[in-house]
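Observations on the model geometry
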Amino acid sequence: MSKYQVQSLFEDSKVFATHNDLIEKFSLNLLSEREEDILMIIVSDLQQNREFTKISLKEIKNLLDKTMTYKQLISEVEQLSKKSLVLLSEEIYNADGSLAAENGDMWLPIIFSSLIIHKREKAVSVKFNSDIQYIFWDLKDKFSIGNVQDYLKLNGKKQKILYRFFKRWENYNVSESINISVDRLKKLLKCSETYQYKSLKKVLNSAVENINKQSDISVEFYENKKSKKVISIDFKISNIKKEIRNDLFEKKNRKAKLENVVDGEKELMDLYQENS
């Protein structure tokens, strides 16, 4: 475990929560890495009881890049407000039951339906598109929670996709692994079908190494081969914070038990001396 991991476990952190469909169905491909980072910072500051979510530009700067000017940051947020998610659509129906989109159609729902720039306050307010607000705002089930600070330290969009994927499975039975086919992994990382496994493995090695160094989860992976060809990968994911918390709890219990034994022996000795 890295020094960063131990320190970060006990520091205040911001978290974002997103529905698992953001990993399995939708893509953030139309967003730059910077725009994706800003989106996750905004999501970490969502105010559930309000139609608009308001966040200060200073907070975004402090998390993202303190060297940015407010003018540059506003420009980035404006560009983000024009971007859409991408979904290779399942069938979508109109209210009257007629078919709006069939399998294979591309659906491009815009992320924000409204953006307000508060120039005097140096803040922005956003309203999520109601078609996709369940992914970011109206979470009920099947969602994952990530640490914003950890997320921002990762390099490249593929590492960030893998981080969100691993966070989805971090509370899975730690004695078991998650199996994912190479083809599904390529799809998850938005790679073409012809993308070579040798290149994919480089991406995977780099991502796992960095995630293990920079975040509160630990990942191991093992290749499954058929006729010398890697066909799937087993991932074993554990939550370091949970492991440390459990370890501290066990140590505390052992210490308490030892103190009880010592106290018991002392009481017996006192009793013996009183009756001798």
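Below, the structure is looked at part by part.

Calculation rules
- Residues numbered from 1 in each chain as written.
- Predicted model: local features only at pLDDT ≥ 70, side-chain atom pairs only at ≥ 80, totals over all residues.
- Heavy atoms only, no water.
- Helix = DSSP H or I, 4+ residues; strand = E, 2+ residues; numbered from the N terminus.
- Contact = heavy atoms within 4.5 Å.
- Areas by Shrake-Rupley, 256 points an atom, 1.4 Å probe, with all protein chains shown as cover.
- Salt bridge = Lys/Arg side-chain N within 4 Å of Asp/Glu carboxyl O.
- Buried < 20%, exposed > 50% of the residue type's maximum accessible area, 1.4 Å probe, protein only.
- Pairing = 2+ DSSP bridges.
- Core = buried A, V, L, I, M, F, W, Y, C linked by side-chain atoms within 4.5 Å.
- Axes fitted to C-alpha atoms, helices over the stretch in contact; angles between N-to-C directions.
- Parallel < 35°, antiparallel > 145°, perpendicular 65-115°, else oblique.
- Nonpolar A, V, L, I, M, F, W, Y, C, P; charged D, E, K, R; others polar.

**Observations regarding the overall build of the chain**
The helix and strand inventory of the chain stands at 11 helices and 13 strands. By sequence separation, contacts in the chain at least 24 residues apart represent 64% of the contacts at least 6 residues apart. As presented, the chain carries roughly 16500 Å² of accessible surface, and 49% of it is formed by carbon and sulfur atoms.

**Focus on the pattern of salt bridges**
Counted under the stated rule, the structure contains 16 salt bridges. In this structure, Asp37 engages Lys160 in a salt bridge whose closest nitrogen and oxygen atoms are separated by 2.7 Å. Of the two residues, Asp37 is situated in helix 3 (residues 33-43) and Lys160 in helix 8 (residues 157-169); the sequence distance between them amounts to 123 residues. In this pair, the class of Asp37 matches that of Lys160, namely buried. Linked by salt bridges that have partners in common, Lys14, Asp45 and Glu59 make up one network.

**So, the pairing of strand 13 (residues 229-239)**
Here is the key point about a regular strand: its side chains alternate between the two faces of the sheet. For strand 13, the tally of buried residues reaches 8 of 11 residues, placing the bulk of the element in the interior. Pairing of strand 11 (residues 178-181) with strand 13 involves 4 bridges; the strand directions are antiparallel. From the neighbouring strand, Ile178 faces strand 13, where its bridge partner is Phe235. Counting the residues that bridge the hairpin from strand 12 (residues 217-226) to strand 13 gives 2 residues, and of these Ser227 lies at a positive phi of roughly 55°.

**Focus on the sheet that holds strand 4 (residues 86-88)**
Spatially, 3 strands are ordered 2-4-7 in an open sheet, and the strand pairing comes out antiparallel. One side of each edge strand has no neighbouring strand; the edge strands of this open sheet are strand 2 (26-27) and strand 7 (106-107).

**Examining the nonpolar core**
Counting 62 residues, the largest nonpolar core has Leu39, Phe136 and Phe166 as the members making the most contacts within it. In terms of residues, this core owes the most to one element, helix 10 (residues 197-214), which gives 7 residues. In contact with Phe166, not counting residues within four places along its chain, are Val208, Ile211, Ile217, Val219, Phe235 and Ile237.

**Overview of the packing of helix 3 against helix 8**
Two elements in contact, helix 3 and helix 8, have axes separated by 10 Å at closest approach and are oriented at 30°. Classified by the angle between their axes, helix 3 and helix 8 sit roughly parallel to one another. Contacts between helix 3 and helix 8 involve Glu33, Glu36, Asp37 and Met40 from the first element and Lys157, Lys160 and Arg164 from the second. Residue classes in the contact of helix 3 with helix 8 are distributed as 1 nonpolar, no polar and 6 charged.

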